[in-house]
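Commentary on secondary and tertiary structure
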Amino acid sequence: MARLLRWARPALPRIAAGGVASLGASLLALAVPQVLREVVNGPLLTEGSPGAVVQAAGLVLALGVLEALLVWCRRAFILTPGTTVEREMRTDLFGRLLELPVAFHDRWPGGQLLSRAMSDLGMVRRWLAFGLVMLVVSATTAVVGVGLMLATAWQLGLVYLVGAAPVAWLGFRFREDYKAVARQARDQAGDLATTVEESVHGIRVLKAFGRGGDALEDFARQAEDLRSTEIHKARTLSRVSFALGALPEAVLAVSLGLGVWLAAEDAVSVGALVAFFATAAVVNGPVERLGQLLAMTLDARAALDRYIEVVDTPNAVGDPAAPRALPEPAARGSRVVLADVRFRHPGAPPQSRDVLDGVDLEVEPGETLALVGLTGSGKSTLAQLVPRLYDVTGGAVLVDGVDVRDVERAELRRAVAVAFEDPILFSASVRENVLLGVDADAISPEAAEALVRESLDVASAGFVDALPHGLDTVIGEEGLSLSGGQRQRIALARAIAARPRVLVLDDPLSALDVATEAAVTARLRATLTGTTTLVVAHRPSTVALADRVAVLEDGRVTGVGKHSDLLARHAHYRYVLTALGPDPREVPPQDSLSGLLDLDEPVGGAGRSRPGAER
Ligand SMILES: Nc1ncnc2c1ncn2[C@@H]1O[C@H](COP(=O)(O)OP(=O)(O)OP(=O)(O)O)[C@@H](O)[C@H]1O
């Protein structure tokens, strides 16, 4: 838990001050029995003056008031530092999540991250503000109290110590048992959060398929698992709490008999006997609390472990130690080269082949190159290597001759903009969504407005004017208040507005109707002069956007050329285009694409054989 110091260090003075105040309050509580001893041994047993009793009562009152004041100070000192540390840790976690590569987010379920950012950090805050201070104070109070008990009546003190010895053994056992179950409960809570997140995200599918009941059953089962773990945790704690409560009391019962006998034998004074039991009463409170506090500490440790697992995840797609700047691009745009590029996803089965297995490809400045291949051939993966959403596992991706891994990510991502097939928008206004990739400080509001308008125009997103507040309309979470095609067009406008050197389009027009797609394609072609574009094509109509086409097959590029040339000489290209379906703009409805392409074999049906590649 020393790792917590990284965030807690600035708060330590206040936490320590709170601890001192709390310790002072506990020690004052221990002083009261000593006053009692003086009262009993002095005025009470020796018929001293009533004034002495009043004096002692006044002292007890003063001690009590001071104790209350110190308790208040403890609260005042440690209220803010815990929340400050929590905020800092939460912000660091979010920063780290933004920093970590896509491959990390592929592996980690959202609910697990959410529970680490929220409930785990809440636990750490509670421990820092309360558990840590009370643990130190309770342990110190117990040690000082037992010391006082030994000093007051050493025979009885020894009995208390011997009786309390099994508590230490129980505490050790408890620590081992509770540690594992505390971690399990937190992991299960994270899984539960993932289920909620996934179900809410996929609510349309669940409803459409009538799977609400099954989802509920799954959730109930997981919730029951978590409940069982929590019960197990509570039972483990209650066992040790029972021992911590009962053992000292049992020892005190024995001590009482022994104490009375010792007093009768004049081995201890009556005052000492009263002081011993009054001290034991004060000590028993912190001793009983130790179980709870130890449990809280173990919970906080599990929470902190889970937090640190994320924060400490190394970033494999980081900035280079000695970054290189991208050179000025040629007037026509940037050159993008993929040289013997290999890629496999982290955690891919060892026997599987690399998704990209030595891809060589050159996209000329200002050129629009379409990537075509069967589903799962690695087109999207390849496209994501350019802005370093993933890093190559072999070979290199070069923009204007510079390996993208040698460029600072911020610079690279200013140079390369991406529009995905599944467009993610943010719950912000249309304007803010379009300007996401634009440095707002670098352009005037008027220029920004013109840029938004122009980009939306190219993306044929005129529909935004019909939205209730035009560009200021706040679109719902993930843009779900818009249609798929509308979202795609705003996402495309966002990529265009970034004025990138290189534009990567991962089938960003798939949800558009044919007429709209044709309009967008025409405008894009006119606008994209000076921009090098790599477009993943899932439809023949998207290919129309491209100057050249690259065919991806079994992790390699097996053909590059103009659409018409490839059609003539590349069997796999013809096969892929057939698989993608006809372009409704070009093919009369009664025609089949197989007729148009004049393939040797029947196409379009399930189970047809797949011709080998040929150039
Ligand atoms: N995050 C991931 N982890 C592991 N494997 C992945 C991951 N993403 C994709 N893959 C695998 O990598 C391969 C290539 O996927 P990719 O999405 O690049 O194909 P694609 O050609 O774009 O497919 P499609 O045309 O269906 O969009 C697939 O076999 C897929 O199962």
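Residues numbered from 1 in each chain as written. Predicted model: local features only at pLDDT ≥ 70, side-chain atom pairs only at ≥ 80, totals over all residues.

1. Digging into the sheet that holds strand β5 (residues 402-403)
The criterion, for reference: Should DSSP find at least two bridges between two strands, the strands are taken to pair. Each helix corresponds to a stretch of at least 4 residues labelled H or I by DSSP, and each strand to a stretch of at least 2 residues labelled E; elements are numbered beginning at the N terminus.
With antiparallel pairing, the four strands of this open sheet are ordered in space as β2-β1-β4-β5. Strand pairing shows two members of the sheet lacking a second neighbour, β2 (356-363) and β5, which therefore form its edges. As defined by bridge partners, strand β4 (residues 394-399) adjoins β5 across two bridges and the pair is classed as antiparallel. Bridging across to β5, V399 finds its partner in V402.

2. With respect to the site of the ligand
Stated formally: The C-beta atom of each residue is placed using the backbone, and any residue whose C-beta lies within 6 Å of a molecule or strand is treated as near it. Residue polarity is assigned by list, with Asp, Glu, Lys and Arg as charged and Ala, Val, Leu, Ile, Met, Phe, Trp, Tyr, Cys and Pro as nonpolar; anything else, Gly included, falls into the polar class.
Near the ligand lie 13 residues; those nearest to it are H345, T375, K379, S380 and T381. In terms of residue count, helix α10 (residues 379-385) provides more of the shell around the ligand than any other element does, three residues in total. Class assignment for the residues of the shell around the ligand results in two nonpolar, nine polar and two charged.

3. Here we look at the sheet that holds strand β7 (residues 502-506)
Quick reminder of the rule: The axes used here are C-alpha line fits, helices contributing only the stretch in contact, and every angle between their N-to-C directions lies in the interval 0 to 180 degrees. C-beta atoms are placed from the backbone for every residue, and two residues are taken to be in contact when these atoms lie within 7 Å.
The six strands lie next to each other as β6-β7-β8-β3-β9-β10, forming an open sheet whose pairing is mixed. Of all strands in the sheet, those bounded by a partner on one side alone are β6 (416-419) and β10 (556-561). Along the sheet, successive strands turn relative to each other by an average axial angle of 20 degrees, direction set aside. By the bridge criterion, four bridges tie strand β3 (residues 368-373) to strand β8 (residues 532-536) in an arrangement that is parallel. Of the residues in β8, the one forming a bridge with L369 is L534. Sheet strands touched by helix α14 (residues 484-497): β6 and β7. Its angle to β6, the strand with the most contacts, is close to 175 degrees.

4. Considering the domain arrangement of the protein chain
This is how the line gets drawn: Those domain boundaries reflect an automatic or database domain assignment.
Assigned domains within the protein chain: domain 1 (10-181 + 226-311) and domain 2 (336-597). With centres defined by C-alpha atoms, the gap from domain 1 to domain 2 works out at 61 Å. Each partner contributes residues to the interface: domain 1 has four residues there, and domain 2 has five residues.

5. Some words on the environment of R332
Locating R332 in the fold gives a position in the loop between α9 (270-311) and β1 (336-343). Sequence spacing of R332 and R501 is 169 residues, and the spatial spacing of their C-alpha atoms is 9.6 Å. Excluding residues that lie within four positions of it along the chain, R332 makes contacts with P365, G366 and G530.

6. Let's talk about the nonpolar core
What tends to happen in soluble globular proteins is that the nonpolar side chains get buried as a cluster. Stated formally: Definition of nonpolar core: a set of buried Ala, Val, Leu, Ile, Met, Phe, Trp, Tyr and Cys residues joined via C-beta atoms within 7 Å. Counts of 20 or more other C-beta atoms within 10 Å of a residue's own C-beta define buried residues, counts of 12 or fewer define exposed ones, and intermediate counts define partly exposed ones; C-beta atoms are placed from the backbone.
In this structure, A370, L371, V372, V386 and A493 are the most contacted members of the largest nonpolar core, which totals 77 residues. When residues in this core are grouped by element, the largest group, seven residues, is from α14. Leaving out residues up to four positions away in the same chain, V372 has contacts with A537, V543, V549, V551, L552, Y573 and V576. If you look at the next biggest cluster of nonpolar residues, it comprises 65 residues, including V39, A275, V282 and L294.

7. Details of the pairing of β7
Two faces, one strand: in a regular strand the side chains alternate between the faces of the sheet. Keep this limit in mind: Note on handedness: a clockwise path from strand one over the helix to strand two, with the strands aimed away from the viewer, defines a right-handed crossover.
The buried count for β7 comes to five of five residues, which makes it a mostly enclosed element. Of the two faces of β7, the one lined by V502, V504 and D506 and the one lined by L503 and L505 are each fully buried. The pairing of β6 with β7 spans four bridges and is parallel. From the neighbouring strand, V416 faces β7, where its bridge partner is V502. Sheet topology places β7 next to β8; five bridges connect them, and they run parallel. Considered in β8, the bridge of L503 is made with T533. Taken together, β7, helix α15 (residues 514-527) and β8 form a β-α-β motif whose crossover is right-handed.

8. Concerning the pairing of β8
With five of five residues buried, β8 lies mostly within the body of the structure. Residues T532, L534 and V536 point to one face of β8 and T533 and V535 to the other, with burial holding for every one of them.

9. Here we look at unusual backbone geometry
A positive phi angle, near 60 degrees, is found at R388, a position not held by glycine. In this structure, R388 sits in the loop between α10 and β4. Take R388: there are 20 C-beta atoms within 10 Å of it, and that puts it in the buried class. Not every positive phi belongs to a glycine, and S460 is a case in point at roughly 50 degrees. Among the secondary structure elements, S460 is positioned in the loop between α13 (445-458) and α14.

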